[in-house]
Amino acid sequence: MGFEPGQIIQELGWDTDVDESLRDAVMDAIDADLVEDAIEAVDAVLLWWREEDGDVGDGLVDALRDLSSTGHIWLMTPKVGRDGYVEPADIAEGTATAGLVLASPASVSREWQAQRIVRPRAGKR
């Protein structure tokens, strides 16, 4: 997922169903705890999202609140066939609604899939 020591990673949407070993790996990579309420701009947001959490776009807009201008969001959703699975069309629509761009997926967990979401690059003039 590309995390490095010293980065500040905000975690949103934590619940008892998240992958604790993945959380531990992220904390090991950044050599710090994940933050819930950011005091300063964060380098990335780890956003756990399930179908019952509502509109993906709303969650992504909330995740932008403390994100630095160069930061990105890792949207974590249950894999196909798991409780809370989010349809790819809902993720794509929510991303576009939030003014963001789907960048790259990552295989990170047995139960969860990850999608890197970024701000669009400014066009060249």
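Structure: see above.
What you see as residue numbers is a count from 1 along each chain, following the sequence as written. This being a predicted model, a pLDDT of at least 70 is required before a residue's local features are given, and a value of 80 or more before pairs of side-chain atoms are given or counted; all residues contribute to the totals for chains, interfaces and linings. With hydrogens and water excluded, all non-hydrogen atoms of the structure serve as input to the side-chain values.

Chemist: Just to check I follow, could you spell out the packing of helix 2 (residues 56-64) against helix 3 (residues 88-97) for this structure?
Modeler: Between two packed helices, the angle of one axis relative to the other and the distance separating the axes together describe the packing. To get an axis, a line is fitted to the C-alpha atoms, and for a helix only the part in contact is used. The angle between two axes follows their N-to-C directions and goes from 0 to 180 degrees. A helix here means a DSSP run of H or I that spans at least four residues, while a strand means a run of E at least two residues long, and both kinds are numbered starting from the N terminus. Helix 3 packs onto helix 2 with a crossing angle of 45° between their chain directions and a minimal axis gap of 7 Å. By the angle class used here, helix 2 and helix 3 are oblique. Judged by the sense of rotation from one axis to the other, the crossing of helix 2 with helix 3 is right-handed. When helix 2 is examined against helix 3, the residues V56, G57 and L60 are found in contact with a partner set consisting of D90, I91, G94 and T95. In the contact of helix 2 with helix 3, the residues fall into 3 nonpolar, 3 polar and 1 charged. Orientation categories follow fixed angle ranges, with anything under 35 degrees roughly parallel, anything over 145 roughly antiparallel, 65 to 115 roughly perpendicular, and all other angles oblique. Helix crossings get a hand from a simple test, with the near helix turned counterclockwise from the far one by less than a right angle marking a left-handed crossing and a clockwise turn marking a right-handed one. Between two residues, a contact is recorded if the distance between any of their heavy atoms is within 4.5 Å. Note that Gly is not counted as nonpolar here; it falls among the polar residues with everything else outside the nonpolar set of Ala, Val, Leu, Ile, Met, Phe, Trp, Tyr, Cys and Pro and the charged set of Asp, Glu, Lys and Arg.

Chemist: Help me out: how do you make sense of helix 3 in this one?
Modeler: Every α-helical turn comprises 3.6 residues, leaving residues that sit three or four positions apart pointing alike. Only protein chains enter the area calculation, which uses a 1.4 Å probe; residues under 20% of their type maximum are buried, those over 50% are exposed, and those in between are partly exposed. Where helix 3 is concerned, the buried positions are I91, G94 and T95. The buried residues of helix 3 occupy one face: seen down the axis, they fall within an arc of 100°. Along helix 3, exposed side chains directed more than 90 degrees from the buried face belong to A89, E93, A96 and T97. On its buried side, helix 3 packs onto helix 2, strand 3 (67-78), strand 4 (101-107) and strand 5 (112-118). Directions from the helix axis toward the C-beta atoms define the arc.

Chemist: Just to check I follow, could you spell out the nonpolar core for this structure?
Modeler: Side chains of nonpolar character tend, in soluble globular proteins, to be buried together. Buried residues of nine kinds, namely Ala, Val, Leu, Ile, Met, Phe, Trp, Tyr and Cys, make up a nonpolar core once their side-chain atoms join them within 4.5 Å. By size, the foremost hydrophobic cluster in this structure holds 16 residues, and its most contacted members are V45, L47, L60, I73, L75 and L100. Counting only elements with at least two residues in this core, the list comes to strand 2 (42-48), helix 2 and strand 3. Non-local contacts of L75, meaning those with residues more than four positions away in its chain, are made with L47, W49, V56, I91, Q113, A114, Q115 and I117. Ranked by size, the runner-up nonpolar core spans 15 residues in total, among them M27, W48, W74 and W112.

Chemist: I tried to follow the sheet that holds strand 1 (residues 9-12) on my own but got confused; where do I start?
Modeler: Across a sheet, paired strands are connected by hydrogen bonds in the backbone, their directions being either parallel or antiparallel. A pair of strands is labelled paired if DSSP reports no fewer than 2 bridges between them. Sheet architecture is open: 5 strands sit in the order 1-2-3-5-4, paired in mixed fashion. Unpaired on one side and paired on the other, strand 1 and strand 4 mark the two borders of the sheet. Adjacent strand axes in the sheet meet at a mean angle of 25°, parallel and antiparallel pairs treated alike. Here 6 bridges tie strand 3 to strand 5, and the two strands are oriented antiparallel to one another. Following the sheet pairing, I73 is matched in strand 5 by I117. Each of strand 1, strand 2, strand 3 and strand 5 is contacted by helix 2, which is oriented at about 145° to strand 3, the strand it contacts most. Sitting on the sheet, helix 3 touches strand 3, strand 4 and strand 5, and the angle it makes with strand 4 is about 140°.

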